[in-house]
Amino acid sequence: MTDQYAVIGNPVAHSKSPLIHAEFARQTGQDISYTAILAPLDGFHAAVERFKSEGGKGLNVTLPFKREAWDLVDFHRDYAYDANAVNTIKFVDDKMVGYNTDGIGLVRDIKDNLQYPIKGKRVLLMGSGGAAYGVMEPLLREQPEQLVVANRTLEKALSFVGHFKTIQNIATRSVSACPYDALGHAQFDIVINATSAGLSGAMPQLPDTVFVPGALAYDMVYGKTTPFLRFAQEHGARIADGTGMLVEQAAESFFIWRGMRPQTAPVIRLLRRKAEA
Ligand code: NDP
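Quick caveat: nothing in here was measured; it's all calculated off a predicted structure.

## Focus on the site of the ligand
Here is step 1 of the chain: With respect to spatial proximity, 24 residues lie near the ligand, and among them Ala131, Asn151, Arg152, Thr153 and Met220 are the closest.
Here is step 2 of the chain: Gly130 places a main-chain nitrogen or oxygen 3.0 Å from an oxygen atom of the ligand.
Here is step 3 of the chain: Thr153 places a side-chain nitrogen or oxygen 2.5 Å from an oxygen atom of the ligand.
Here is step 4 of the chain: A total of 940 Å² of accessible area belongs to the ligand in isolation, and the protein chains cover 80% of it.
Here is step 5 of the chain: Looking at the shell around the ligand, the elements with two or more residues in it are α6 (130-141) and α9 (243-258).
Here is step 6 of the chain: Looking at the shell around the ligand residue by residue, the class counts come to eleven nonpolar, nine polar and four charged.

Given below as structure tokens:
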């Protein structure tokens, strides 16, 4: 019987996950179906239970339910616990196991696809919302020399950094929070935009001098050249959007469910071609 998987969110019609997982299944010869489920804003729990009772094997969870998924699952694995968010659920017997693959996706895209090491680098992470929570621990595990978290609302950045300092045994010297206007002349090798500013054509206020020569500017928003990426390009940085992260986090989910790793490069190329068309 064909194993059933789905992405659940609200809205969800725009999701690229069905396309990505269909490509993975085709590539690896796995007999799965992968659909999109629109759950009512107050009906996430019921929709998950229904999918499970109908024999579903696993779910990807997208906005705005990642935190609810964290509350719902019976166990947290890998980075899910500290991320306060679950984006992948595997149904095992009658239990739900929750994972967070977003950070793994980001790190793989930066290190493996873009060939940009994180270890020993100065990293600026912009934003303190759900996406930032998801990537923080995997980023720290790469041992950057310094990780500065900047956010429009400073209190959120402070509590974000405080959260990871408490639970992570992080060398406190290397991780700090600040507002954008306090960045001054600080320079970074990798600048990651984990804000949703690009979706509305905006960007956080960055100093012109923020990039070292040859720096990488990474925007988690995918499929478009955001104002941040244009700014970075104008200031000599190498740029990348979040397409690779999207595909890599999906590949990790696929591995969790099916025990095999699909090739990501052809799927990243496919999504880029579709975005340009
Ligand atoms: P949240 O709503 O949880 O957080 C939004 C963040 O963006 C906050 O830090 C907020 O700052 C900041 N922000 C919003 N608008 C502006 C602005 N105009 N100027 C400065 N800062 C701003 O969203 P998420 O964290 O869940 O998602 C962020 C982005 O990451 C989304 O665009 C999403 O598409 C993308 N994403 C991509 C993934 C991928 O696989 N490529 C995976 C997950 C997310 P403040 O606290 O001050 O409000």
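So, next bit.
## A closer look at the side chain of Gln249
Here is step 1 of the chain: Summarising the element assignment, Gln249 is placed in helix α9.
Here is step 2 of the chain: If we skip the residues at most four places from it in the chain, Gln249 touches Asn87, Thr101, Asp102 and Gly105.

## Considerations on the environment of Thr2
Here is step 1 of the chain: Among the secondary structure elements, Thr2 is positioned in the segment before β1 (3-9).
Here is step 2 of the chain: Spatially, the C-alpha atom of Thr2 lies 40 Å from that of Phe164, the residues being 162 residues apart in sequence.
Here is step 3 of the chain: Every residue in contact with Thr2, bar those within four places of it in the chain, is listed here: Asp31, Ile32 and Ser33.
Here is step 4 of the chain: Within polar-contact distance, the side chain of Thr2 engages the side chain of Asp31 at 3.1 Å.

## Some details on the pairing of strand β8 (residues 146-150)
Successive side chains on a regular strand alternate, one facing one side of the sheet and the next facing the other.
Here is step 1 of the chain: For β8, a buried count of four out of five residues is recorded, marking the element as mostly surrounded by other parts of the structure.
Here is step 2 of the chain: For the segment spanning strand β7 (residues 122-126), α6 and β8, crossover handedness is right-handed.
Here is step 3 of the chain: For β8 and strand β9 (residues 175-178), the ladder comprises four bridges, and the chain directions are parallel. Bridging from a neighbouring strand, Leu147 pairs with Val175 of β9.

## A look at the pattern of salt bridges
Here is step 1 of the chain: For the coordinates displayed, the defined rule picks out ten salt bridges.
Here is step 2 of the chain: Of the charged contacts in the structure, one is a salt bridge between Arg122 and Asp189, with a shortest N-O distance of 3.4 Å. You can see Arg122 sitting in strand β7 and its partner Asp189 sitting in strand β10 (residues 188-193), a full 67 residues away along the chain.
Here is step 3 of the chain: Overall, the relative accessible area of 11% leaves Asp189 in the buried class.

## Observations concerning the sheet that holds strand β6 (residues 95-99)
Here is step 1 of the chain: Here six strands make up an open sheet; going across it, the order is β2-β1-β3-β5-β6-β4 and the pairing mixed. With partners counted over all chains shown, the strands left at the sheet margins are β2 (32-38) and β4 (75-76), one partner each.
Here is step 2 of the chain: Packed on one face of the sheet, helix α1 (residues 17-28) meets β1, β2 and β3 (58-61) and runs near 175° to β2.
Here is step 3 of the chain: This element, helix α2 (residues 44-53), spans β1, β2, β3, β5 (88-92) and β6 of the sheet and lies at about 170° to β1.

## Side note on the sheet that holds strand β12 (residues 238-240)
Here is step 1 of the chain: Taken in spatial order, the six strands of this open sheet run β9-β8-β7-β10-β11-β12, and their pairing is parallel. Unpaired on one side and paired on the other, β9 and β12 mark the two borders of the sheet. Each neighbouring strand pair of the sheet contributes to a mean axis angle of 15°, computed without reference to strand direction.
Here is step 2 of the chain: As paired strands, β7 and β10 are joined by four bridges and run parallel to one another. Within the sheet, the bridge partner assigned to Val123 lies in β10 and is Ile190.
Here is step 3 of the chain: Along the sheet, helix α8 (residues 227-234) contacts β7, β10, β11 (211-219) and β12; its crossing angle with β11, the most-contacted strand, is approximately 165°.

Analysis parameters
- Residues numbered from 1 in each chain as written.
- Predicted model: local features only at pLDDT ≥ 70, side-chain atom pairs only at ≥ 80, totals over all residues.
- Heavy atoms only, no water.
- Near = heavy atom within 4 Å.
- Polar contact = N/O pair within 3.5 Å; in protein donor to acceptor, adjacent residues only side chain to side chain.
- Areas by Shrake-Rupley, 256 points an atom, 1.4 Å probe, with all protein chains shown as cover.
- Helix = DSSP H or I, 4+ residues; strand = E, 2+ residues; numbered from the N terminus.
- Nonpolar A, V, L, I, M, F, W, Y, C, P; charged D, E, K, R; others polar.
- Contact = heavy atoms within 4.5 Å.
- Buried < 20%, exposed > 50% of the residue type's maximum accessible area, 1.4 Å probe, protein only.
- Right-handed = clockwise from strand over helix to strand, strands pointing away.
- Pairing = 2+ DSSP bridges.
- Salt bridge = Lys/Arg side-chain N within 4 Å of Asp/Glu carboxyl O.
- Axes fitted to C-alpha atoms, helices over the stretch in contact; angles between N-to-C directions.

Scope: geometric values only; no functional claims are made or implied.
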